[in-house]
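An overview of the molecular structure
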Amino acid sequence: MTEQLNQTINHLAQSDSKQSTSHNSPPELLKVDCATLGDHGAHWEILTDNINVVVPKWLEHSIDDAVMPRGLAFDVDPNSDDQAAHWLITGPEGAIQVAQILDVTDGRPTALRSAYPFLDSKWYTEVRVSRVLHCEHSLEAVLTLETSDGATLYAFDALYAVNQHRYQSKVTYHAYLGAFAYEIERVDSGETIVVDDPAAIRHHRALNEILADNNGVAPDDLQEKLAAWQAKTPEDEAPVTLDLSNMVAYLFGENFGQEDEAWFQGEVLGVQPLNFMSETGQLLDVVILREPDAKPLIIQIAYFPRGEAPANIQAGEFIRGNIWLQASVYAPIEKSK
């Protein structure tokens, strides 16, 4: 570790904010081997094709403008308990930063434990943390998040190195959601799909009829009503044509421990140019969930097009692709008394 690192660490920003503590039970904690969560090689490849040469330079450069995010530990002495054994630093300042987890001995950094790209998203949603899938060696985790509207998300915890042991299952938090896009494609206007599977047709017709009969609200006995539904006309059994061009959807990864590797389709609300080191791309504000009587779920996506990938994504377009979803939790939501 260079002397420059030690000097920089001594001047990292610290917050003097205070938070209230909730005394309920922690979320479910599952400890897994780090291989289950995977490494960050593929994540760095989103930003560069030459990670072995470029990423070490980025790690060194980011130290010059690093800060120490405190997450839920902002009222804790950084030299106490688990904070004394490691530090989390991020930098340089900007939408995309380099996060580094450093081992610390006697108050001095001694080794690099892990490093990953970090998107400092400006969009948050209200969540509770129901499960923490945790790798002890790398001090990293994938969170299961339940939104206030009942949706389930899975996200890599960008601040787990400082937030571990502090989550409470019944506390509502602001989770800032950001993602890095592996690939993105535009959704063509008028794109449709024909569903001709009898079971799928039956489910679609039954669900639409039941919701229409209940003013768009799913009844408590929805599954029983779906099972009892019967077609009334030949048209009820005809193939269904679905318009995909305006569809909004989020599907988490199917591999255990890697549910943060997700697929999405959504509407682009805003676009900004994005620069990180020598790389240029776009920062996209995208709706990935939109349900009746629920707040739209908006995240920021860092997109660096390569080769024949579409460039110059515009607000108002619909896009789909694969992303690595992150969450950053800094404080619980203060409820009015």
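Let me begin by describing the structure that accompanies this report. (Residues numbered from 1 in each chain as written. Predicted model: local features only at pLDDT ≥ 70, side-chain atom pairs only at ≥ 80, totals over all residues. Heavy atoms only, no water.)

Tallied over the entire structure, the rule returns one disulfide. A sulfur-sulfur distance of 1.7 Å marks the disulfide that ties Cys34 to Cys135. Here the residue Cys34 occupies a position in helix H2 (residues 34-37), and Cys135 occupies one in strand E5 (residues 124-135), the gap between them amounting to 101 residues. Residue Cys135 is classed as buried on the basis of its relative accessible area, which comes to 1%. (Disulfide = S-S within 2.5 Å. Helix = DSSP H or I, 4+ residues; strand = E, 2+ residues; numbered from the N terminus. Buried < 20%, exposed > 50% of the residue type's maximum accessible area, 1.4 Å probe, protein only.)

For the bond from Gly91 to Pro92, the omega torsion is -5°, close enough to zero to count as cis. Within the secondary structure, Pro92 is located in the loop between strand E2 (86-91) and strand E3 (96-105). Backbone geometry places Leu139, a non-glycine residue, at a positive phi of 55°. Looking at where Leu139 falls in the secondary structure, it is placed in the loop between E5 and strand E6 (140-147). Judged by relative accessible area, Leu139 falls into the buried class, the value being 7%. With phi around 75°, His165 is a residue other than glycine that occupies positive phi space. Here His165 shows up in the loop between helix H5 (160-163) and strand E8 (173-186). Among the residues examined, His165 registers a relative accessible area of 65% and is labelled exposed.

Time to look at the nonpolar core. Core analysis: the largest hydrophobic core is formed by 42 residues, its most contacted members being Leu145, Tyr167, Ile184 and Ile301. Those elements that place two or more of their residues in this core are E5, E6, strand E7 (152-157), E8, strand E12 (261-276), strand E13 (279-289), strand E14 (297-303) and strand E15 (318-332). Looking at this core element by element, the count peaks at six residues for E8. Beyond its immediate stretch of four places on either side in the chain, Ile184 contacts Phe264, Leu284, Ile301, Tyr303, Pro310, Ile313, Ile319, Arg320 and Gly321. In terms of nonpolar packing, the next biggest core, distinct from the first, is built from 29 residues, Phe118, Leu119, Ala158 and Phe180 among them. (Core = buried A, V, L, I, M, F, W, Y, C linked by side-chain atoms within 4.5 Å. Contact = heavy atoms within 4.5 Å.)

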